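# Secondary and tertiary structure notes
These are the residues of each chain, in order.
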Amino acid sequence: MVSLLRNQKVRNALLQVLYVGALAALVLAGVVIARRNLAEQGITSGFDFLYKSTGWDVNFSLLPATANDPYWWFFLIGIINTLFLGTVGLMLATLVGTIVGLARTSSNELARLLGRTYVDIFRNIPLILQVFFWYAVITHLPTPRAAHEAWGMMLTSRGLYVPIPNVGAIAFAAAILAVIAAIALPVWLGRTSRLSQPFGERLGIQLAAAATALATAAVILALGRLPDLPLLDFPALQGLNLKGGLRIPPEFSALAIAIAIYGGSYIAEIVRGGFKSVGKGQMEAALSLGLSPWRVFTLVRLPLALRAMLPILANQYVWLMKATTMGIAVGFTDFFMIVALTINHSGQTLETIGILMAGFLAINLSLAAIFNRINKAIALKGNQLRA
Amino acid sequence: MEMVVVAPPAPGKVEDLKRRFFATPLQALLSLMSLAIMAFVVWKLLDWAVFSAVFTTSGGPEACQAAAGACWSVIAARWRIILFGLYPFEEQWRSALACVAVVVMTVLSCIPAFWTGRRIALVWGAGTALYYVLMKGGVLGLSYVGEEAWGGLALTLFIFVTTCLIGFPLAVCLALLRRSELPWISRTTALIIDGVRSLPLISILFTFAIVLPFALPQWLVGDKLYRVILGSALFFSAYQAEIVRGGMQGVPAGQEEAAMALGMSYWQRISRILLPQAMRNALPATINQFVISFKETSLVVIVGFFEILASGNAAYGTGEWRFAYVEVYAFIAFIYFIFVFSLSRYGAFLERRMSVGER
Amino acid sequence: MNPGKASGPAVRIENLDKHYGTFHALRKVNLSVGRGERIVVCGPSGSGKSTVIRCINRLEQHDGGRITVLGTELNDDVANIDGIRREVGMVFQHFNLFPHMTVLENCMIAPMIVRKLPRTEAETTARRYLEKVRIPEQAMKFPGQLSGGQQQRVAIARALCMQPQIMLFDEPTSALDPEMISEVLDVMVTLASDGMTMICVTHEMGFARRVADRVVFMDGGEIVEEAPPEEFFTSCRNDRTRQFLSQILGH
C-alpha cells in the first residue's frame, strides 16, 4: 500500500480523482440542499415556470411587454436591453475614447495635458459612483412643466424626450439598418481596394454608396409613414405630463453617459497604446516616400495602430457589456435585473442562476467570436518584424 | 588651441511659446481650443467649488440652497455618516483608527523591505486583526459593535482588505493548479477561472449574498457580509490567478529544472524558486488589479451594504439636504480618487523602475 | 534503498528508449559508467546526447529500457527519484542560477532545505566550494552581476555543495564567450583530477582528450561509437564520426 502511494503514476491518478471528485461533490451537495430547501417552500424545480406569466412589468423594453407575458419573453427582453445598452454605451465610449486618445497622442502639449487630465480623473472614480451621479443629475432636472427645451427635444426629470418620425415599427427598423449601411458601406469599400484605384475615384464610389443607402432610408421612411400624421412627432406638454415623441428614460441615459465617460477613459489609453506601438521607422519610411502627412496617417499609422489595439479593445468591450449589470443600481431592466426580479418573484433560484450564466457565456463567446474574425481578417500575414 | 564657439542667439520666451504652441495654423487652432476648454472648465469649477460656495453650517440648508455655488455645509454636517455609516456616534474614533490601520498597512506593503512572503503576511495579518478588534470590540474594554452597524469608508476598506487577503492566496493556488501537468486538474481549474471571469461581479455578489444560503447547510450560512466578501474574493482570485500565471510563464523553464536537479521537492521549488520570481514579474499587473478591485468594492451597495456610496446616498437622500447631491458625490469621488490615484501612480512608478532594472 | 552504498557501476543504461510524440529521440541506448569514470558525450545537435543525461536525473522521463543509478533503479517510485537527484549534480548550458538569490544563497539553499544542513555548516561548505571554483570574493553578489564564465563556475559550485557522487554537464561552455571557456574547463579538469564521476556533453575536444576515459559519439538517437580518446580521435571506424570530427575540429 505504502509503496503504491510512492508510485508517481498512482499518485497522479489519485490526485486528479480527488480534486475533481471533491469539486463535483461540493457542487452536487449544494444542488441537493438547494432543491430540498426550495421544495420546503413549495417551489418545484424545472423550467416550466418559463411559460408562466410574470405578473410584473419592466420599465424599459424595445419589444412589447406586459405583466401577462411569460418569463422567457422577459429574459429575451432583458438580453436585448443589455445588448442595446451595451452597444450604445460602447459606441459612445469608443467615440469619447478616440477623441481623448488622439488628444493624448497629439503633438500639441496643451491637448495632451487636457487628455491626460480627463483620463486621470474619470478612470479613478468607480463606474457605479458615476452612474449614481448622472442618475441624480437627471432626476433633479425640472419637472415636465418647466422642461428645458432645445431643437424640439425636452429635458426633464422624467427623461429626455426627442422627436420621433411617425412611421411603422418595421419601416423604422429598416430605415435604421439603411443608415448603418450608409456608414458601413464606404468603410467596407475602402478596405477592399486600397491602392489599386486613384484616391479621387475611390472617394467618389464611397460617396455614391453612402448616398444610395441614405436615399433608401428616406424612401423607406416615406413609404412606412403613418397616415394622417405629421412626419415628425414632437413631444408636447399635455396637462402635467409630456405627450408624444420618444422618451429616453433617466435610467438609460444615466447608464449610457456613465459608461461613455468611464469606458472612454479606458479606451483612450488603449488608443494611445496602439499609436505608441507603431514604430517611428515605419512612419519615417512613409514620409520619405513622399506621402503627405494625412496619407501617412490613414495608410500607415492608423491601420497599424488599429491592429495593435483590437485585441485589447475586444476585452474592454466584453467588460463594458458586463458593466451594463449596474442597471440594477438605478432600476434599468437589463438581463441581470430581470434575473434578480425573477428570483424574487418566482423563487426558481437554481434555474434562473443557470440562465444567467448561460446568457453571459453566450454574450461573451459571441463577442469573442466576432473579434476573432475581425482580428484574423486584418492580421498582418507572416512573421513581420514589428519594432 | 582655442575654440571659438558662436552661441546661437538665445531664443526668447515669445519665440519659444510660438514654436511649442503655434508652429502651424492647425497647432495654433488646437492650442487655442484646448486653452479655451481648460479656462472654461477651471473657471466654472473654481467658481462653483470655491468663490460662490458656502462652507459653514451656520446658515443651515436654506441659506446654502440659495447660494450659486457648491454647498459644502452638507459635508460639514454629514461627514460622519459618510465616513462611518451607522457606527455608534461615541465609538466612531474606533472606526477612524481602524481606517488608519488599514491605510498604514497598505503603505507598509508598498515598501520593498516588506516584500517577502512572511513579512507581507505578517503586516496584512496584523493590520486586519487590528481593524477587526477595533471595529468589533467586545475585548479590552471596547464595547461590542456587530457587523450590521459597520458602514461608510470603514466598511469599504474592510471589504477591500479582506477580499485581497482571501483572494490573493486563492489566486496563487488557482494559478498553480491551472499550470499543473495533470490534465484533469488543469482543465477543471481552467473551467472555474474562465467561468468566473465570464460573469459580471454583480451577479457573483448577488449569488453569494442572496442565493447561496439556499445551497448551504444551516450551520455554514454565516453572516451576509462574509459571504459577499467570499464572492468578491473568488472574483478577484480568478483575475489575479491569470496575472500570477503570466508571471510564472515569465520564469524560464531552466529555473525549475535546476531546482529539480538539486533534489528540491515540489513545494520547495514552488515556494523558493518559482513564486518569488513570478511575483516580481507580476507586480505591476497585480497593483493594477488591486486598483480595479478597490473601485469594485463599491458594487456591494447593490446587495444592500452601507458602504461609503450607500452612506453618501443616505447623507443627502433624506430631508433637508436633498438638493446637495453633487457635493456629496464629489466628496466621495474625491476619497476614491485619492486612494485609487495614488495606488495607480505607485504602480506606474514600479513599472518604470522595473523596466529600467531589466536593462 | 540508499543510493550510493551499493557497489557496481555508477550509472547503467540498458536499451533506453524515448519518444517525443512521433519523434524517436533515443533508440536502444546502452551505456555503463563506472565509479570515478569520466565520459564525454558528443554528437551533432538533435542527436539525443542531452536527452540521455537528462534522463539520468529524471528531468526527462524515459519510456523504455532501464536506468540504474548507484544501484537504484529509476522508475515511478517517487522516493527513488528524490534519492537519486540528491546524489547527482547537474550543470546546465544556460547556468540556471536563481537570480533572486546571492551567489552564496544559491549555493546554500539546496543543502539547507534538501539535506537539512544547519545554516553555518551550509555556509562553510558553500564558501569552500566557491573557493574551489576560484570566486570566493563574489559570494555576496547576485548572478546578474557576474560574467557568463563566473556564473557557470557558481553553477558548478552550487551542484557540488550537495556533495553529489555523480556530476552531469549539459554543454556547460556552449553559451559562453570564447575567452571565458577555459576558466570553466579548468574547474572541470580540477574536478576530474579529484576523482569525481563525470558525464559531460560537450564539443570541447581538447577537454575530452585531456580528461576523458571514454568518448561516446551519438547520432540520430543512437550511440554510434564509444572509445578511449586517443583511439577515438586517431582511428575511428565510423564514417559519421569521422565527418563530425572533421566538421568540429575543422580547418
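Residues numbered from 1 in each chain as written. Chains lettered and ligands numbered in written order. Predicted model: local features only at pLDDT ≥ 70, side-chain atom pairs only at ≥ 80, totals over all residues. Heavy atoms only, no water.

### What about a nonpolar patch on the surface?
Taken together, Val42, Trp43, Leu46, Val50, Phe51 and Phe55 of chain B make up a surface patch of nonpolar side chains, about 610 Å² in accessible area. Trp43 of chain B gets classed as exposed once you look at its relative accessible area, which sits at 51%. (Patch = residues over 30% accessible without salt bridge, like charges linked within 9 Å, V, L, I, M, F, W, Y side chains within 5 Å. Areas by Shrake-Rupley, 256 points an atom, 1.4 Å probe, with all protein chains shown as cover. Salt bridge = Lys/Arg side-chain N within 4 Å of Asp/Glu carboxyl O. Buried < 20%, exposed > 50% of the residue type's maximum accessible area, 1.4 Å probe, protein only.)

### Remarks on the nonpolar core
Within the largest apolar cluster, 157 residues are counted, with the highest numbers of intra-cluster contacts made by Phe75 of chain A together with Trp150 of chain B. Looking at this core element by element, the count peaks at 14 residues for helix α7 (residues 152–178) of chain B. Apart from the residues lying within four places of it in its own chain, the contact partners of Phe75 of chain A are Phe49, Leu50, Phe335, Ile338, Val339, Thr342, Thr352 and Ile355 of chain A. Counting 51 residues, the second-largest nonpolar core is a separate cluster that includes Cys107, Ala159, Val187 and Met188 of chain C. (Core = buried A, V, L, I, M, F, W, Y, C linked by side-chain atoms within 4.5 Å. Helix = DSSP H or I, 4+ residues; strand = E, 2+ residues; numbered from the N terminus. Contact = heavy atoms within 4.5 Å.)

### Details of the interface of chain A and chain B
With 51 residues of chain A in contact, the opposing surface of chain B contributes 54 residues. At the boundary of chain A with chain B, total buried surface from both sides reaches about 4,500 Å², with 72% on carbon and sulfur atoms. The largest share of the area that chain A buries against chain B comes from Tyr19, Leu110 and Asn124 of chain A, three residues that together contribute 14% of it. Applying the counting rule to chain A against chain B returns 0 salt bridges. (Buried area = accessible area lost by both parts, 1.4 Å probe.)

### Side note on the sheet that holds strand β1 (residues 148–150) of chain A
Residue and element names in this part refer to chain A. On the basis of which strands lie adjacent, the open sheet formed by 4 strands has the order β1-β2-β3-β8 and antiparallel pairing. Strands with a single pairing partner mark the edges of an open sheet, and in this sheet they are β1 and β8 (246–248). Strand-to-strand, the axes of this sheet are offset by a mean angle of 20 degrees, without reference to chain direction. Two elements, strand β2 (residues 153–156) and strand β3 (residues 159–162), share 3 bridges in a ladder whose sense is antiparallel. Bridge pairing links Thr156 to Gly159 in β3. (Pairing = 2+ DSSP bridges. Axes fitted to C-alpha atoms, helices over the stretch in contact; angles between N-to-C directions.)

### Focus on empty space enclosed by the protein
For the coordinates displayed, the defined rule picks out 3 cavities of 30 Å³ or more. If you trace the largest cavity, you find it lined by Ile159, Thr163, Leu201, Leu205, Ser232, Phe235, Phe236, Ser293, Glu296, Thr297 and Val300 of chain B. Listed by contribution, the elements that provide at least two residues to the lining of the largest cavity are α7, α9 (201–215), α10 (224–249) and α12 (266–296) of chain B. If you tally residues by element for the lining of the largest cavity, the top one is α10 of chain B, at 3 residues. Its residues assigned to classes, the lining of the largest cavity shows 6 nonpolar, 4 polar and 1 charged. One number sums up the size of the second largest cavity: a volume of about 50 Å³. Every residue lining the second largest cavity is listed: Ala258, Ala261 and Leu262 of chain B together with Gly89, Met90, Phe92, Ala155, Arg158 and Ala159 of chain C. For the lining of the second largest cavity, the secondary-structure elements that each account for two or more residues are α11 (253–261) of chain B together with β6 (88–91) and α5 (148–161) of chain C. In terms of residue count, α5 of chain C provides more of the lining of the second largest cavity than any other element does, 3 residues in total. Among the residues forming the lining of the second largest cavity, the class breakdown is 7 nonpolar, 1 polar and 1 charged. (1 Å grid on protein atoms, 1.4 Å probe; cavity = no way out; pocket = protein on both sides within 12 Å on 5 of 7 lines; lining within 4 Å. Points joined across faces, edges and corners; volume = space filled by probe spheres on them. Nonpolar A, V, L, I, M, F, W, Y, C, P; charged D, E, K, R; others polar.)

### A few points about helix α8 (residues 183–198) of chain B
Each α-helix turn comprises 3.6 residues. Residues three or four places apart therefore point the same way. The terminal C-alpha atoms of α8 of chain B lie 22 Å apart, and with 16 residues this matches the ideal 22 Å at 1.5 Å per residue to within 8%. Buried residues belonging to α8 of chain B abut α2 (8–40), α10 (293–323) and α13 (349–378) of chain A together with α7, α9 and α10 of chain B. (Expected span 1.5 Å × (residues − 1).)

### A word on the side chain of Asp219 of chain C
Relative to the assigned elements, Asp219 of chain C resides in strand β9 (residues 214–219). If near-sequence neighbours (up to four positions away) are discounted, Asp219 of chain C is found in contact with Pro44, Ser47, Val224 and Arg240 of chain C.

### Things to note about the sheet that holds strand β8 (residues 197–201) of chain C
Residues and elements named next belong to chain C. Spatially, β6-β7-β8-β3-β9-β10 is the arrangement adopted by the 6 strands of the open sheet, whose pairing is mixed. Every interior strand has two partners, whereas the edge strands, β6 and β10 (222–227), have only one. In this sheet, neighbouring strand axes are inclined to one another by 20 degrees on average, regardless of whether the strands run parallel or antiparallel. Judged from the 4 bridges that link them, strand β3 (residues 38–42) and β9 form a sheet pairing that is parallel. Considered in β9, the bridge of Val41 is made with Val216. Sheet contacts for helix α1 (residues 49–56): β3, β6, β7 (166–170), β8 and β9; angle to β7, the most-contacted strand, approximately 150 degrees. Lying on the sheet, helix α2 (residues 78–87) is in contact with β6 and β7; it crosses β6 at an angle near 65 degrees.

### Description of the interface of chain C and chain A
Each partner contributes residues to the interface: chain C has 8 residues there, and chain A has 5 residues. Across the interface of chain C and chain A, roughly 560 Å² is buried in total on both sides, 41% from carbon and sulfur atoms. The largest contributions to the chain C side of the interface with chain A come from Asp76, Asp77 and Val78 of chain C, which together make up 75% of the buried area. Scanning the region where chain C abuts chain A turns up 1 salt bridge.

### Details of the pairing of β7 of chain C
Looking along a regular strand, one sees side chains alternate from face to face of the sheet. Residue and element names in this part refer to chain C. Across the 5 residues that make up β7, a large majority, 5, are buried. Residues of β7 alternate between two faces, with Ile166, Leu168 and Asp170 on one and Met167 and Phe169 on the opposite face, all of them buried. Taken together, the 4 bridges between β6 and β7 define a ladder with parallel strand orientation. For Val91, the partnering residue across the bridge sits in β7 and is Phe169.

### Re the confidence of the model for chain B
Residue and element names in this part refer to chain B. Across chain B, the average pLDDT comes to 83, with 94% of residues at 70 or higher. Between the elements of chain B, mean pLDDT differs from a low of 71, seen in helix α3 (residues 60–66), to a high of 93, seen in α11. Both scores are given for the predicted complex: the pTM is 0.86, the ipTM 0.90. (pLDDT = per-residue confidence, 0-100.)

### Remarks on the pairing of strand β4 (residues 64–69) of chain C
Residue and element names in this part refer to chain C. Pairing of strand β1 (residues 11–20) with β4 involves 5 bridges; the strand directions are antiparallel. Bridging across to β4, Ile13 finds its partner in Ile67. Here β4 runs beside strand β5 (residues 72–73); their pairing, made up of 2 bridges, is antiparallel. Residue pairing across strands places Thr68 opposite Glu73, the latter belonging to β5. Adjacent in sequence and paired antiparallel, β4 and β5 are bridged by 2 residues, among which Leu70 carries a positive phi angle near 50 degrees.

### Digging into the pattern of salt bridges
Residue and element names in this part refer to chain B. Applying the stated rule across the entire model yields 26 salt bridges over all chains. Glu256 serves as the salt-bridge partner of Arg269, at 3.5 Å between the closest nitrogen and oxygen. Residue Arg269 is located in helix α12, and its partner Glu256 is located in helix α11; the two are separated by 13 residues in the primary sequence. Residue Arg269 shares its accessibility class with Glu256, and that shared class is buried. Through salt bridges with shared partners, a single network forms among Arg178, Asp194, Glu242 and Arg245.

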